[in-house]
Amino acid sequence: MSEAFRAPPGTHDVLFPDSARWEAVIATFASLAHRAGYGLVVNPIFEDERVFVRGIGAGSDVASKEMYRFEDRGARRLALRPEGTASVVRAFVQHRPPAPWKAWYVTPAFRYERPQAGRYRQHHQIGVEAIGSGDPDLDTEVIALAWQFYVDVGLGGVNLRIGSMGDATCRPAFERALRSWLDANMSKLCNEHGVKAMANPLRVLDCKSEECRSATESAPSISEALCPGCAEHFKRVREGLDALEVPYVCDPRLVRGFDYYTRTTFELSSPYLDAAQNGVGGGGRYDGLVEALGGPPSPAVGFGIGIERLLLACEAEGSPARAARLVDVFVVDVVGGESARRWTHELRLAGIGADRAFDGRSLKAQMRLADRSGAEIAVIVGPEEKAAGKAAIRRLRGGGGDATIQELVDTATLVERVSVLLGDISVR
RNA sequence: GUGGCCGUAGCUCAGUUGGUUAGAGCGCCAGGUUGUGGCCCUGGAGGUCGGGGGUUCAAGUCCCCUCGGUCACCCCA
């Protein structure tokens with residue numbers, strides 16, 4: 001045997017039946033987004049690296065040291081997408097669909113970091129972007145959509161925090177005020193932020209250390225520095241959420257990692273996960289990003305949710321996983337396989353999930369596989385059935401005890417009979 | 001990038017102060033039941049003990065190096 005390869009660090013394979021939860025999560029999200037008028041958008045997984053750098057900010061950790069960058073044979077500087085929004089915005093700029101353009105996506109995202117629980121070099125995000133409207137009701141719609149999604153997948157326990165980061169009118173002044181306050185209070189901050197504070201002053205507010213927490217109690221608050229326009233916008237968003245009875249708390253310290261955010265930001269976290277990695281989704285408004293990527297000035301808002309984190313939270317919160325089953329019928333054929341080939345095909349054409357054994361296995365072995373497949377029904381064809389043009393239909397579960405129900409049917413009515421039986425079972 | 005912990009069968013793990021052919025449970029395959037799954041019983045396949053070097057009469061066990069995994073810091077989904 002030659003060397004057995006493994007998936008690269010920070011990446012992972014998801015096999016059935018674990019992947020069944022993925023299918024369910026994506027289907028739930030697709031349905032919700034679709035009902036709200038969001039259409040699927042599929043983007044390239046890599047872009048001109050500047051698409052990401054301009055959006056998330058050259059100074060951010062993600063852009064400065066966590067991107068997977070490479071040069072292709074045409075000497076283009078490319079990068080694997082570290083998040084979803086920038087690519088969707090680039091697509092808007094390129095194609096100019098009628099605004100507001102509402103799109104949803106599911107995509108891998110790549111960041112070169114040291115992997116640990118709940119953090120991967122390739123993780124997956126689902127999300128929506130709504131581009132071309134600054135209406136606060138759109139913020140409300142997007143946040144309510146995110147909230148409803150968690151409810152639908154069985155996570156009633158997530159916490160929603162919202163805040164406003166201001167805009168070009170009021171944020172620069174706030175940053176100046178904060179910066180000078182930090183200058184004066186440098187000694188009270190935790191070790192790391194003593195140094196880092198000047199590079200990105202807003203991040204200090206988001207620090208989890210006790211020193212920074214208590215020190216910044218008296219720091220200037222963005223909520224008091226908002227210009228009238230931003231304050232009004234934020235108020236309207238809160239009113240909208242109140243009206244829809246979406247539970248949230250205002251957090252003036254909420255600071256998101258990417259530079260493109262303006263006005264509304266929000267984050268969802270699970271109290272069942274460790275604090276360091278408890279963020280299960282987040283988003284906000286990014287009114288300047290479209291223009292930064294070469295489009296017309298277009299306000300926009302969106303959010304992204306990490307699928308792996310979401311599933312961790314589901315597990316931690318104990319939301320029940322439904323038993324994963326692929327097929328309803330298993331065809332057992334001990335006379336050569338011709339019947340297995342035919343009946344699996346016919347059943348599938350009739351819309352019934354069907355599987356079979358290969359490699360000419362014994363009856364016992366095939367029955368074992370039938371049981372393990374999770375199928376409700378085994379269709380059995382042996383020499384006697386074959387000669388008589390019939391097939392045995394055996395109930396594999398639910399029947400109760402040893403009194404297993406089995407019947408012999410003419411092959412002409414096989415598919416119909418199986419269909420009726422499955423109908424009865426699902427009704428029960 | 002920095003640090004802690006851990007590498008024995010597909011999985012979860014035993015393996016006594018170094019001492020014969022390295023074990024268990026689960027899973028897988030087959031048989032018990034020459035036409036019937038689950039439960040039970042029996043048997044089987046599957047391991048260069050992560051890799052390399054060293055100490056020793058003898059290394060899964062001790063030492064060094066290396067690779068890999070995992071958790072945490074940082075940051076984020």
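A short tour of the structure in this document, coming up. (Residues numbered from 1 in each chain as written. Chains lettered and ligands numbered in written order. Predicted model: local features only at pLDDT ≥ 70, side-chain atom pairs only at ≥ 80, totals over all residues. Heavy atoms only, no water.)

### Overview of the pairing of strand S11 (residues 300-306)
Condition: The rule is simple: take the accessible area with a 1.4 Å probe, protein chains only, and divide by the maximum for that residue type; under 20% is buried, over 50% is exposed, in between is partly exposed. Runs of H or I in DSSP of at least four residues are treated as helices and runs of E of at least two as strands, each being numbered from the N terminus. Criterion used throughout: strands pair if DSSP finds at least two bridges between them.
Of all seven residues making up S11, seven are buried, and the element is well covered by its neighbours. Here S11 shows two buried faces, one formed by Ala-300, Gly-302, Gly-304 and Gly-306 and the other by Val-301, Phe-303 and Ile-305. As paired elements, strand S6 (residues 122-131) and S11 share seven bridges and run antiparallel to each other. Of the residues in S11, the one forming a bridge with Val-128 is Phe-303. Relative to S11, strand S10 (residues 279-285) is paired through five bridges, and the arrangement is antiparallel. Paired with Arg-285 across the strands is Val-301, a residue of S11.

### What to know about the nonpolar core
Nonpolar side chains tend toward joint burial in soluble globular proteins. Stated formally: Nine residue types can take part in a nonpolar core, namely buried Ala, Val, Leu, Ile, Met, Phe, Trp, Tyr and Cys, and a core is a set of them joined through side-chain atoms within 4.5 Å. Contacts: residue pairs with any heavy atoms within 4.5 Å of one another.
Counting 44 residues, the largest nonpolar core has Val-89, Trp-101, Ile-131, Leu-178, Tyr-260 and Tyr-286 as the members making the most contacts within it. Of the residues forming this core, the biggest block, five residues, is contributed by helix H4 (residues 85-95). Excluding residues within four positions of it along the chain, Tyr-286 makes contact with Thr-85, Val-89, Glu-129, Ala-130, Ile-131, Tyr-260, Tyr-261, Thr-262, Ala-300, Val-301 and Gly-302. Counting 41 residues, the second largest nonpolar core, distinct from the first, contains Phe-29, Trp-104, Phe-149 and Ile-307.

### As for empty space enclosed by the protein
Applicable threshold: In this analysis a 1.4 Å probe is tested at points of a 1 Å grid over the protein atoms alone, and where it fits but cannot get out there is a cavity; an open set with protein on both sides within 12 Å along at least five of seven lines is a pocket; lining residues have an atom within 4 Å of a point. Grid points are joined across faces, edges and corners, and a volume is the space filled by probe spheres set on the points. Residue polarity is assigned by list, with Asp, Glu, Lys and Arg as charged and Ala, Val, Leu, Ile, Met, Phe, Trp, Tyr, Cys and Pro as nonpolar; anything else, Gly included, falls into the polar class.
Scanning the model with the defined rule gives one cavity of 30 Å³ or more in all. Counted as a void, the largest cavity has a volume near 70 Å³. Considering the residues around the largest cavity, the lining is formed by Ser-164, Met-165, Arg-171, Phe-174, Leu-202, Leu-205, Ile-222, Pro-252, Leu-254 and Val-255. Listing elements by their share of the lining of the largest cavity, those giving two or more residues are helix H6 (171-185) and helix H8 (201-205). The class makeup of the residues in the lining of the largest cavity is eight nonpolar, one polar and one charged.

### Regarding the side chain of Thr-140
If you trace the backbone, Thr-140 turns up in helix H5 (residues 136-152). With relative accessibility at 3%, the residue Thr-140 sits in the buried group. In this structure, Thr-140 is in contact with Arg-236, Val-237, Gly-240, Leu-241 and Leu-244, ignoring residues within four places of it in sequence.

### Concerning the side chain of Glu-267
Note the cut-off: Polar contacts, as counted here, are pairs of nitrogen or oxygen atoms within 3.5 Å of one another; within protein the pair requires one atom able to donate a hydrogen and one able to accept it, and residues that are adjacent in sequence qualify only if both atoms are side-chain atoms.
Tracing the sequence through the fold places Glu-267 in strand S9 (residues 262-269). With relative accessibility at 16%, the residue Glu-267 sits in the buried group. Side-chain polar atoms of Glu-267 contact the side chain of Arg-161, separated by 2.5 Å. A polar atom in the side chain of Glu-267 sits 3.0 Å from the side chain of Arg-256. Excluding residues that lie within four positions of it along the chain, Glu-267 makes contacts with Asn-159, Leu-160, Arg-161, Leu-254, Val-255, Arg-256, Gly-281 and Gly-282.

### Observations regarding the pairing of strand S14 (residues 377-381)
Of all five residues making up S14, five are buried, and the element is well covered by its neighbours. Neither face of S14 is exposed, since Ile-377, Val-379 and Val-381 on one face and Ala-378 and Ile-380 on the opposite face are all buried. Across five bridges, strand S12 (residues 329-333) lies against S14 in parallel orientation. Residue pairing in the sheet places Val-329 in a bridge with Ile-377 of S14. The pairing of S14 with strand S15 (residues 390-395) spans four bridges and is classified as antiparallel. Within S15, the residue paired with Ile-380 across the bridge is Ala-392.

The quantities given are spatial measurements derived from coordinates; they are silent on function.
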